[in-house]
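Structure at a glance
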Amino acid sequence: MTLSAFIHVQHLLGTGHVLRAAAIGRALAARGVSVTLATGNTLPPHADVDGLEIVELPPVRAADARFKTFLTPEGREIDAAWKAARRQATLRAFTARPHNLLLTETWPFGRRPFAFELEPLLATARAANTPPLIAASIRDILVRKQQLWKEEQMAELAETFYDRVLVHSDPEFIRLEDSFPFTERVAPLLRYTGFVDTSTGRPDAPQGDGEDEVIVSCGGGAVGAGLLAAAIDARSLSRRAGDCIWRLLAGHDIDDGTFKALSNKAPTGIVLERARRDFPSLLARARLSVSQAGYNTVLDVLQAGIPAVFVPFAQIKESEQQQRAEALQRHGRAVVTPEATLTPESLAAAMDDALGLPRRAFAVQTGGAERSAKILIEDLEQRER
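1. Examining the overall build of the chain
The secondary structure content of the chain amounts to twelve helices and 15 strands. The principal-axis extents of the C-alpha atoms in the chain amount to approximately 65 × 45 × 45 Å. Partitioning the intrachain contacts of the chain with sequence separation of at least 6 by distance along the chain shows that 77% fall at a separation of at least 24. Separation of charge centres in the chain, based on 45 positive and 48 negative side chains, amounts to 1 Å.

2. Some points on the nonpolar core
Counting 55 residues, the largest nonpolar core has Leu 28, Leu 101 and Phe 310 as its most contacted members. No other element matches helix 1 (residues 16-30), which puts eight residues into this core. If sequence neighbours within four positions are ignored, Phe 310 has contacts with Ser 291, Gln 292, Ala 293, Val 298, Val 301, Ala 325, Leu 328, Ala 334, Val 335, Val 336 and Thr 337. The next biggest cluster of nonpolar side chains, apart from the first, holds 46 residues, and it includes Val 55, Leu 121, Leu 176 and Leu 190.

3. Quick word on the side chain of Thr 193
Structurally, Thr 193 can be placed in the loop between strand 9 (190-192) and strand 10 (214-217). Within the structure, the side chain of Thr 193 is placed 2.9 Å from the side chain of His 168, a separation counted as a polar contact. Once you skip the residues sitting within four places of it in the chain, Thr 193 turns out to touch Leu 166, Val 167, His 168, Ser 169, Gln 365, Thr 366, Gly 367, Gly 368, Arg 371, Ser 372 and Ile 375.

4. Topic: the environment of Ser 34
Tracing the backbone shows Ser 34 in strand 2 (residues 34-39). Its relative accessible area of 31% is what places Ser 34 among the partly exposed residues. Not counting the four nearest positions on each side in its chain, Ser 34 is found in contact with Thr 2, Leu 3, Ser 4 and Ala 5.

5. Observations concerning the sheet that holds strand 3 (residues 53-56)
If you trace the seven strands from one edge of the open sheet to the other, you get 3-2-1-6-7-8-9, paired in parallel fashion. The outermost strands of the open sheet, each flanked by one partner alone, are strand 3 and strand 9. The mean inter-strand angle of the sheet, taken between neighbouring strand axes irrespective of direction, is 20°. By the bridge criterion, five bridges tie strand 6 (residues 101-105) to strand 7 (residues 133-139) in an arrangement that is parallel. Each bridged residue has a counterpart across the sheet, and for Glu 105 the counterpart in strand 7 is Ser 137. In the packing of helix 1 onto the sheet, contacts are made with strand 1 (4-9), strand 2, strand 6, strand 7 and strand 8 (164-168), and the angle to strand 1 comes to roughly 175°. Here helix 2 (residues 80-94) sits on the sheet in contact with strand 1, strand 3 and strand 6, set at roughly 160° to strand 1.

6. Here we look at helix 11 (residues 344-354)
If you check which residues of helix 11 are buried, you get Pro 344, Leu 347, Ala 348, Ala 350, Met 351, Asp 352 and Ala 354. Buried-residue contacts for helix 11 involve strand 10, helix 6 (225-234), strand 11 (246-250), strand 13 (288-291), strand 14 (308-310) and strand 15 (335-336).

7. Things to note about helix 2
An ideal rise of 1.5 Å per residue puts 21 Å on 15 residues; helix 2 measures up with 21 Å between its terminal C-alpha atoms. Within helix 2 the residues assigned to the buried category are Trp 82, Arg 86, Ala 89, Thr 90, Ala 93 and Phe 94. The buried residues of helix 2 occupy an angular sector of 130° when the element is viewed end-on, so they sit on one face. Residues of helix 2 that are exposed and point over 90 degrees away from its buried face: Ala 80, Ala 81 and Arg 92. Lining the buried residues of helix 2 we find strand 1, strand 3, strand 6 and helix 3 (115-127).

8. As for the pattern of salt bridges
Counted by the stated rule, this structure contains 26 salt bridges. The salt bridge involving Arg 26 is made with Asp 48; its shortest N-O contact spans 3.6 Å. Taken together, the residues Arg 26 in helix 1 and Asp 48 in the loop between strand 2 and strand 3 connect sequence positions 22 residues apart. What makes Arg 26 buried here is its relative accessible area of 17%. The partner of Asp 212 in a salt bridge is Arg 287, with the nearest N and O atoms 2.7 Å apart.

Cut-offs used in this document
- Residues numbered from 1 in each chain as written.
- Predicted model: local features only at pLDDT ≥ 70, side-chain atom pairs only at ≥ 80, totals over all residues.
- Heavy atoms only, no water.
- Helix = DSSP H or I, 4+ residues; strand = E, 2+ residues; numbered from the N terminus.
- Contact = heavy atoms within 4.5 Å.
- Lys, Arg positive; Asp, Glu negative; His and termini not counted.
- Charge placed at Lys NZ, Arg CZ, Asp CG, Glu CD.
- Core = buried A, V, L, I, M, F, W, Y, C linked by side-chain atoms within 4.5 Å.
- Buried < 20%, exposed > 50% of the residue type's maximum accessible area, 1.4 Å probe, protein only.
- Polar contact = N/O pair within 3.5 Å; in protein donor to acceptor, adjacent residues only side chain to side chain.
- Pairing = 2+ DSSP bridges.
- Axes fitted to C-alpha atoms, helices over the stretch in contact; angles between N-to-C directions.
- Expected span 1.5 Å × (residues − 1).
- Arc of directions from axis to C-beta.
- Salt bridge = Lys/Arg side-chain N within 4 Å of Asp/Glu carboxyl O.

Take a look at the structure:
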């Protein structure tokens, strides 16, 4: 009998969530599982969804890092009618066929504004004649909540509905309790998978691209224009990196007007492009990486063994990237400079400091997508015994 999995993912600003979900989906599909990936936002162009059935739910994104206002592609704020339509679309997709596995990305450890669809999804799954295995997929670090009761409620939801919680981290590097105070309550559900490498199957960059360059990146999403602007002015100030090509990669969701303004500002010696699927191979050839500290980017930097500067995205209440970047700095693998005080001068100084670091790969457990698939299939087999 062919196993069937339903994966729900909602990315809002960056693209890391959907790339990890797709990687796990591909790993399940490689083991013979029929996988439906239901995505709540437009898939980024560099997402590899080969072998997956894609369900495009009514798309929505966050207006900004406050994650309080959510907009349709037309720029309209979502309302009760939109939520009802989205909930119906999600349940219709899930009930289209029986599923052995339901995997929710981030929820219940985040995405609280989407409880209107995710709580009914869990209730529907649990009410099925043969309920699926229900699992959560979470990254290494969770965003802390100001109200402790919200985090306690996350643990309660996991205890009530979930059979497994997959933590995509190396526990020797970052553990869930570093960012989640109720870890002990969900400990029986937890399995660490190692980091999910989303670069698998990426193409190599054309010959020459990335060679001895500075690669400045800000992920595939809508944030990071400030970092790119600072980098444009920092090139002439760097003592150790001002003599090479600087390749700046803008996320596909950075609007065309901002991209054009950056392009007009960029002098000779700076190449501005949209985010590229061959990013890992660019890093492998480069002199230095300058980036935010998103999950996927940090993993790519670690595997390339390249000196790095991290400017963690830290707007409003965001703390996740700061924690990840500081962990790398403690291991002597990067220089961290705060986004709030970022200037061309501070960026150039951080880059010169980073180029004094050794170039070496960092031994961190990867293979998280494949290990996730193995764990979930073993859990399903155990249920059949």
